[in-house]
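These are the residues of each chain, in order.
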Amino acid sequence: MSGWKGGSHVGVALSAALALAACVPNEPPSAGAPATLRRLSNDQYRNIIADVFGPQITVAGQADALQRSYGLLAVGASKAEITPSGYEKYYAMARSVARQAVSLDNRASVVPCTPRSAAEPDENCAQQFFVKVGRLLYRRPLAPAELALVLRMAGEGARLRQDFYGGLEVGLVGMLQSPQFLFVVDTLEPDPAHAGKPRLTAYARAARLSLLLWNTSPNEQLLTAAEHGALDGAAGRKDIVDRMLSSPRVEAGVRAFFEDFLRFDQFETLEKDSVIYPAFSVRVVEDAREQVLRTVLKHVLDKRADYRDLFTTRDTFITGSLARIYRVPTAKPEGSAWVPYEFPDDDPRAGLLTEVGFAALASHPGRSSPTLRGRAIRENLLCQKVPDPPGNVDFSRFESADAQKKTARERLALHSTNAACAGCHKITDPIGLALENLDGIGQFRSTENGVVIDASGTLDGVPFNDAAGLGRAMRDNPATTSCVVQRLASYSLGRNTTGSDKPFVDYLGQSFARDDYDFLELLRRVALSETLFAVAPPVGASSGVQTARMEP
Amino acid sequence: MSILLPRTITRRRVLRSVLDGAAVTLALPFLDCALNGNGTALAASGKPLPLRFGTWYWGMGHTPGHAIAEKAQTGSGIGFLEETAALKPLADQLNFFSGFGMPLDGRSNYTHFTGWVGNRTGSVPQKEGEIASPTLDLLIADTIGAGTRFKTLDASSAGIARENYSARSTESRAQAEISPVALYTRLFGPDFVDPNAGTFQPDPAVMLEKSVLSAFVEQNRDFSRTLGAEDRRRLDEYFTSIRQLENRLALQLEKPVPNEVCVRPARPAEPAPDKLAQVREIPNVIETHAIMAKLLAMAVACNQTRVFNMVFTDNFANVRKKGETYTHHLLTHTEMIDPSRGYQPMAFWFNQRCSEAFAAYLATLASIREGSGTLLDNCLIFAASETNYAKLHTIDSIPVWLAGKAAGRIKTGLHVVGGGDPITRVGLTAMKIMGVPLRNWGTKSLQTSKPITEVMV
Amino acid sequence: MRRAPRAVRLGLCLALLATAVPSAQAESKSGTQTLGFVIRDWFTSVYNSKFVDECPEGIAISNDEVWWRSLPRADRARLTGNGLIQQLNRMPTAMQRGPNGENVCLSPASVKDPPMRVVEGKYSYGVDLDGRSNSAATPRSCPHQNFTHPDGTPGIDNQMYRLVGCVYGWRKGGLPELNAHEGRGTSGLGMTLVEITGVTDPRNSPDVTVTFYRSVNQFALDGNGKPLPYSSYNVDMAGNKPRYGDSLKGSIKNGVLTTMRGDVRLPFYGNYNFLHPSIRDMGLRLEIAADGATAKGLVTGYYNMDEFLYYVGGMVGHTSTADDCPAMYVAAHELADGYPDPKTGQCTHLSAAFDLTAYAAFVVHPEAQRSKR
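Residues numbered from 1 in each chain as written. Chains lettered and ligands numbered in written order. Predicted model: local features only at pLDDT ≥ 70, side-chain atom pairs only at ≥ 80, totals over all residues.

Student: Go over the overall build of chain C, please, and point to the residues and values.
Tutor: Scanning chain C for helices and strands turns up 10 helices and 15 strands. In chain C, of all internal contacts separated by at least 6 residues, the share reaching a separation of at least 24 is 68%. (Helix = DSSP H or I, 4+ residues; strand = E, 2+ residues; numbered from the N terminus. Contact = placed C-beta atoms within 7 Å.)

Student: Residues and numbers for the overall build of chain A, please.
Tutor: The number of helices and strands found in chain A is 25 helices and 12 strands. Scaling as 2.2 N^0.38, a compact globule of 552 residues should have a C-alpha radius of gyration of about 24 Å, and chain A matches this with 26 Å. In terms of overall dimensions, chain A has C-alpha extents of about 80 × 50 × 50 Å along its principal axes. The buried share of chain A, taken over its 552 residues, is 57%. Looking at chain A alone, contacts between residues at least 24 apart form 70% of all its contacts between residues at least 6 apart. (Rg over C-alpha atoms; globule rule 2.2 N^0.38 Å. Buried ≥ 20, exposed ≤ 12 C-beta atoms within 10 Å, placed from the backbone.)

Student: An account of the interface of chain A and chain B is needed here, citing residue identities and associated values.
Tutor: Often the size quoted for an interface is simply the accessible area lost on bringing the parts together. Facing 70 residues of chain A, the contacting portion of chain B comprises 68 residues. Those elements that place two or more of their residues in the side of chain A that touches chain B are helix H4 (84–101), helix H7 (144–161), helix H8 (164–176), helix H9 (179–182) and helix H18 (396–404) of chain A. Per-element accounting of the side of chain A that touches chain B gives the leading share, 10 residues, to H7 of chain A. Looking at side-chain class alone, the side of chain A that touches chain B contains 28 nonpolar, 22 polar and 20 charged residues. (Nonpolar A, V, L, I, M, F, W, Y, C, P; charged D, E, K, R; others polar.)

Student: Which residues make up helix H4 (residues 136–144) of chain B, and what are the values?
Tutor: Residues three or four positions apart in an α-helix share a direction because the helix packs 3.6 residues into each turn. Most of H4 of chain B is tucked away: 7 of the 9 residues are buried. Along H4 of chain B, the residues that are buried comprise Leu 136, Asp 137, Leu 138, Leu 139, Ile 140, Ala 141 and Ile 144 of chain B.

Student: For the nonpolar core, give the residues involved together with the corresponding values.
Tutor: Formed by 262 residues in total, the largest nonpolar core has its most connected members in Phe 37 and Leu 350 of chain C. The element best represented in this core is strand S15 (residues 347–364) of chain C, accounting for 13 residues. When residues no more than four places from it in sequence are discounted, the contact partners of Phe 37 of chain C are Val 194, Ala 295, Ala 358, Tyr 359, Ala 360 and Ala 361 of chain C. Phe 80, Phe 96, Val 319 and Ala 430 of chain B belong to the second largest nonpolar core, which has 113 residues in total. (Core = buried A, V, L, I, M, F, W, Y, C linked by C-beta atoms within 7 Å.)

Student: Just give me the short version of unusual backbone geometry, but keep the residues and values in it.
Tutor: All names here are of chain B. The phi angle at Ala 406 is positive, at roughly 45°, despite the residue not being glycine. By the secondary structure assignment, Ala 406 is in the loop between strand S9 (400–403) and strand S10 (414–417). A positive phi angle, near 50°, is found at Lys 444, a position not held by glycine. Residue position: Lys 444 is located in the segment after helix H12 (424–433).

Student: Residues and numbers for the sheet that holds strand S2 (residues 75–76) of chain B, please.
Tutor: All names here are of chain B. Taken in spatial order, the 8 strands line up as S2-S10-S3-S9-S8-S1-S5-S4 in an open sheet, and their pairing is mixed. If you trace the sheet from one side to the other, it starts and ends with S2 and strand S4 (153–156), each paired once. Pairing of strand S1 (residues 52–57) with strand S5 (residues 307–311), which is carried by 5 bridges, proceeds in the parallel orientation. Residue Phe 53 lies in a different strand from S5, and its bridge partner there is Val 307. (Pairing = 2+ DSSP bridges.)

Student: Describe the packing of H7 of chain A against helix H6 (residues 204–225) of chain B, naming the residues involved and giving the relevant values.
Tutor: Relative orientation of the contacting elements H7 of chain A and H6 of chain B amounts to 175°, with a least axis distance of 11 Å. The angle between the axes of H7 of chain A and H6 of chain B places the two elements in the roughly antiparallel class. Across the interface between the two elements, Ala 145, Glu 146, Leu 149, Met 153, Gly 157 and Leu 160 of chain A from H7 of chain A touch Leu 208, Val 212, Ala 215 and Gln 219 of chain B from H6 of chain B. Across the contact of H7 of chain A with H6 of chain B, the residue classes break down as 7 nonpolar, 2 polar and 1 charged. (Axes fitted to C-alpha atoms, helices over the stretch in contact; angles between N-to-C directions. Parallel < 35°, antiparallel > 145°, perpendicular 65-115°, else oblique.)

Student: Account for the environment of Asp 338 of chain B, with residues named and values stated.
Tutor: Looking at the secondary structure, you find Asp 338 of chain B in the loop between helix H10 (328–334) and helix H11 (345–366). If sequence neighbours within four positions are ignored, Asp 338 of chain B has contacts with Tyr 343 and Pro 345 of chain B.

Student: Describe the pairing of S5 of chain B, and please don't skip the residues or the numbers.
Tutor: Residues and elements named next belong to chain B. Among the 5 residues of S5, 5 are classified as buried, and the element is accordingly described as predominantly covered. By the alternation rule, side chains of S5 split into Val 307, Asn 309 and Val 311 and Phe 308 and Met 310, which are all buried. Two elements, S4 and S5, share 4 bridges in a ladder whose sense is parallel. Its bridge partner being in S5, Leu 153 is matched across the sheet by Phe 308.

Student: I'd like a description of the pairing of S10 of chain B, backed by residues and values.
Tutor: Residue and element names in this part refer to chain B. The two faces of S10 match: Leu 414 and Val 416 on one face and His 415 and Val 417 on the other face are all buried. Pairing of S2 with S10 involves 2 bridges; the strand directions are antiparallel. By the bridge assignment, Ser 76 is partnered in S10 with Leu 414. Pairing of strand S3 (residues 94–98) with S10, which is carried by 3 bridges, proceeds in the parallel orientation. Bridge pairing in S10 places Ser 98 opposite Val 417.

Student: Run through the packing of H8 of chain A against H6 of chain B, naming residues and quoting values.
Tutor: One way to put it is that H8 of chain A packs onto H6 of chain B with a least axis distance of 10 Å and a crossing angle of 45°. The angle between the axes of H8 of chain A and H6 of chain B places the two elements in the oblique class. Here H8 of chain A and H6 of chain B pass one another in a crossing that is right-handed. Residues Val 170, Val 173 and Gly 174 of chain A of H8 of chain A touch H6 of chain B, and the partners they reach there are Leu 208, Val 212 and Phe 216 of chain B. Classifying every residue of the contact of H8 of chain A with H6 of chain B gives 5 nonpolar, 1 polar and no charged. (Left-handed = near helix turned anticlockwise from the far one by under 90°.)

Student: An account of helix H21 (residues 467–476) of chain A is requested, with residue identities and associated values reported.
Tutor: All names here are of chain A. The buried fraction of H21 amounts to 8 of the 10 residues, a majority that puts the element mostly inside the structure. Listed in full, the buried residues belonging to H21 are Ala 467, Ala 468, Gly 469, Leu 470, Gly 471, Ala 473, Met 474 and Arg 475. In this fold, the buried residues of H21 make contact with helix H20 (419–432), strand S10 (457–459), strand S11 (462–464) and helix H22 (478–493).

Student: With reference to specific residues and values, describe the confidence of the model for chain C.
Tutor: All names here are of chain C. Residues at a pLDDT of 70 or more form 86% of chain C, whose mean pLDDT is 85. Below a pLDDT of 50 lies the segment residues 1–27, which in the model reaches 62 contacts outside its immediate sequence neighbourhood of four places, other chains included. Low pLDDT, under 50, characterises residues 368–373; the predicted model gives this stretch 8 contacts beyond four residues in sequence or across chains. Confidence metrics for the complex model read pTM 0.86 and ipTM 0.83. (pLDDT = per-residue confidence, 0-100.)

Student: Would you mind going over the environment of Leu 245 of chain A in detail, with residue names and values included?
Tutor: With respect to the helices and strands, the residue Leu 245 of chain A is situated in helix H12 (residues 234–246). For Leu 245 of chain A, a count of 25 C-beta atoms within 10 Å gives the class buried.

Student: Before we move on, can you summarise the environment of Lys 255 of chain B with the specific residues and values?
Tutor: Residue and element names in this part refer to chain B. Along the chain, Lys 255 turns up in the loop between helix H7 (229–252) and helix H8 (273–276). Take Lys 255: there are 13 C-beta atoms within 10 Å of it, and that puts it in the partly exposed class. C-alpha of Lys 255 to C-alpha of Asp 194: the two residues are 61 residues apart in sequence and 9.7 Å apart in space.

Student: How would you summarise the confidence of the model for chain A if you had to cite specific residues and measurements?
Tutor: Residues and elements named next belong to chain A. With 91% of its residues at a pLDDT of 70 or more, chain A shows a mean pLDDT of 90. Every residue in residues 1–22 is under pLDDT 50, and counting partners more than four places away or in other chains gives 33 contacts. Long-range and interchain partners of residues 541–552, a stretch whose pLDDT sits below 50, account for 24 contacts in this model, where long-range means more than four residues apart.

Here it is in structure tokens:
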């Protein structure tokens, strides 16, 4: 397990930001939302297993993907259930992880004690193991009944298998398939400050923080700090948040948010026609996804640059397979070696939208799609809903003309002649057409079917001439920042932010502006907010506040 | 086989120790839950063969006027045209349903979504992505699915696990197996108990595993009681899932009925990397589909499941032909109609592949002899798309097939004309045939209590 | 179109090495650009007629056939006694037939075989290297027969073709050529990079410099094994200097690069042999496709005969080349037409032509990359 004293991503800049804190508005009060269960994402599952048992454990296979809700898988996690086939996968993962965790190679680092005999039960040692591991897996100490059960199972297992570690394996499988592990549980206790109202237990608060900032469960130190009340007061919490933000592990947290925000789960099913795009390969899929994330991480973590400049930045990283698509040289053409790269000033590429990741993802397998790209910009990056196509369109009017039209702009122009189509296509197409110089995998082209591509257009009234111009218009569009703020709020709260959350989202938005659109500072404000921990009384709970049961 | 216990431990020892351990209920005898009165028993035992239900999905409907000849009223003779020619040899195993409607009650037609949801759940979605009622395969599985290792199986050759058309609700949508090797491992991997293996010894490791699960389930129920109502409801699905695994383990402890039809198939080869990168190219889709069809058919014959869902291509038909810039889906909307042929030639080409794949699927089921007939004779396969004519996104007259003889419970060879009746009449008919105790099915204008008696025996 | 100049630049794969390479930097200031290519196909240019008219006596007799014919009847009977001795097994055996058991491919002068069947046809690909369309010698060439190009051009010099054109393995689709080609594709050995500097317009540039390097990176291939254009290849360096790096001046007209002639040493790998053949009076003609992504070309010049014979002699096994080393050794000396040895008068080079295809590439100069970091 890694502590939180790592390399410093933020140090100095954070204190500078603190100096400005005086002019930032105060966080508005929040009523919170009812406690909920959030199913772990596949990445969180992997991170937790690596943290608890070591990075050498392979998590074979993966569970069913979460379903996106209100633009985020993190919101879907609060609604996700476990289907029979999905449970089978979790169960198989549990068996595989448990077997590896107590294997000869790993037991020394995983099990904190040595049994009297490796061939028989040793309740004392098993207890030490499950107290330690159980607390990390359930994100709180095990309740007495929980501990008793797992010890009994481990004892039975050890006796039958004549193997102490085999017994631990039996118990571990049981824990790893439990909802207490697979779901992050908002455990509640009475709020001493507000009689009759619940609040999150210190452990549940630690879990929210850790999942937000590091995309994993709280580690031993954080749980212990929480246990000692470190998250009860503002000062202690600030100390913890700043230490967590200073750790290199914050990269996993920021990465997870942007993967969700940018809908990068779509890369898992991304395919391109191999005849039309021979330069596209499985490696390109991986590299294109990673390129965008590296660009983002460098921008918001290393440079602490203005979030908006992500849409204009020329600063990125490339591999050999990407260099080929960008048609630029690289000294490391083979494998997936990453080298920093800066697009020259006169290069038509600038900003995230012109990277292969975006261009290829929002395209068809054999061609670009201004409509898909426009929709991705509107929905993913500006948080604007593009209505679905009406169900009763007669496409006949487009088809015959399509074949004669040389460029996407000409083809799509036909949609504007149909009122039913024009309404939505005018939302998506003008901005999508700005990226037409990038083909279905993001290779630059100046013509389509011999006709010079016109990439000009407007975004909400701001004119541009090309993809870089669209990037500038995106940079200056107020929705660009309000969208990332709203999504980060929803992401951290695990639910769609609604009207009652508006003051909080507004507060974050104003703070973001005052912090010069420093994303890490925004993340810090969320992590320090009261809203992150606010809960409303549960709806329809049969036994109300659960404090008694959860204390060991 | 279980990882939890080496096979050297005796069953008696496990029973003794687990029971000594107290607080753990070992659900014996397993036979009670493993077999229900509806069928069971296999050819070797001389008892009736079980009835099975499957669904088969393809995207983009068909080409009206070129797939099935229009009919004014219900009658025998399906009227196969060029697009469905591959199905002609299977005419005596098929019924075709046309002219059934999907009234929306003022809701939107979410293109390529509303159609399959209405058809399979009887409820039209109110918003994109919403699945308000369970799909019919799950209702049927609730009735006939007990006593098999898998209550339902879901496989897809379309390469997208999420695009599967079996769901209890929006949040509880089963994901399909998209890898033939993974499907094989799940069905015929180490946990498969060969019914024809001469000797059977209950695996004590499995007994231990099952007892551990049971113990944790009890504790997790306590945990569940501390949650809010909505979260409790969400966990119900989790408990259902565990129960299915428990049943599966229970079956592994039970001596299987010998079944001469059941032969563990060969493990499919790992696909080559270039194929893995092009899973949605039509030849690869067809190949995957053929492998999966064989695995599913044998899984059904081996009584691993009685309800099985296969997706050939997904509802957005994200499949393509090498070198063609348009996918099947895009072609249906943009390709010109060839005036001499009267249809979109490339879209038609894809539709034809879908008919061929369906024919191949049925032929695979029919290739397994069972009793005096074939596996297909003991199946009912509900096959449908999400649209009638994809070019226009029409959801009236969505093509639906019922295939197989359902152990003699269905008449075949008919083209049933719906005359605008709700399409749920077809689903209700299928469920009635499968013995689901339903008086009516569907919501709002899709509600119906009238099965199609013309096809019922 | 706002971005047209840039677009053209990209479309034609002009290497963005301006900032990376000192020499290119200067060019950048003068407004010129650099084109790069990696050579994939390299095949000896052979003219094959449908009915093998160019070889009136037939295809050349192979080493193992010579050996077999030389065996007494009793030995042949013994070797085929049980009918199980296969062609492939006798190939290596056949090579050990020097008077003292020498390998006749490594010691081709150790035996005297019947004369090799060489090309006697009228036509050949290639160019007129010596400026004469008759068989007379010049100060730089020995007497030799000329060919006519299939397009009618007289005076074609291609003694390499005359030498190997009747050898089964060297005719179109022959194994040694294909095996060498395959080996380069998968191993990345012997890969030639072509860098064209001083380009003012990728389709028409009056004065360019063409430099040949060896790549240390393998081909970047697509799923079908075809090279992907616009990949980067690092130049093989020996210390601070490129290991290869001979240059020719030239010009581009309507997308066709034509160089002047000069001596060039190229990397070569094939059939598990490494060469670095010196090609004298080498010229390159390269037709660059309109989109700049690919090119087809012809390399002509005088190929060093000793290096060629070393290559042929060193091929492993000679399993399918169907040549006869001692006869080829003699024939090569008779046919060599370039660069007579001042002492003996024996010509040391064979006029030759090679067909090639190339793919747009970035020729990366490592030392420059280091300075950029």
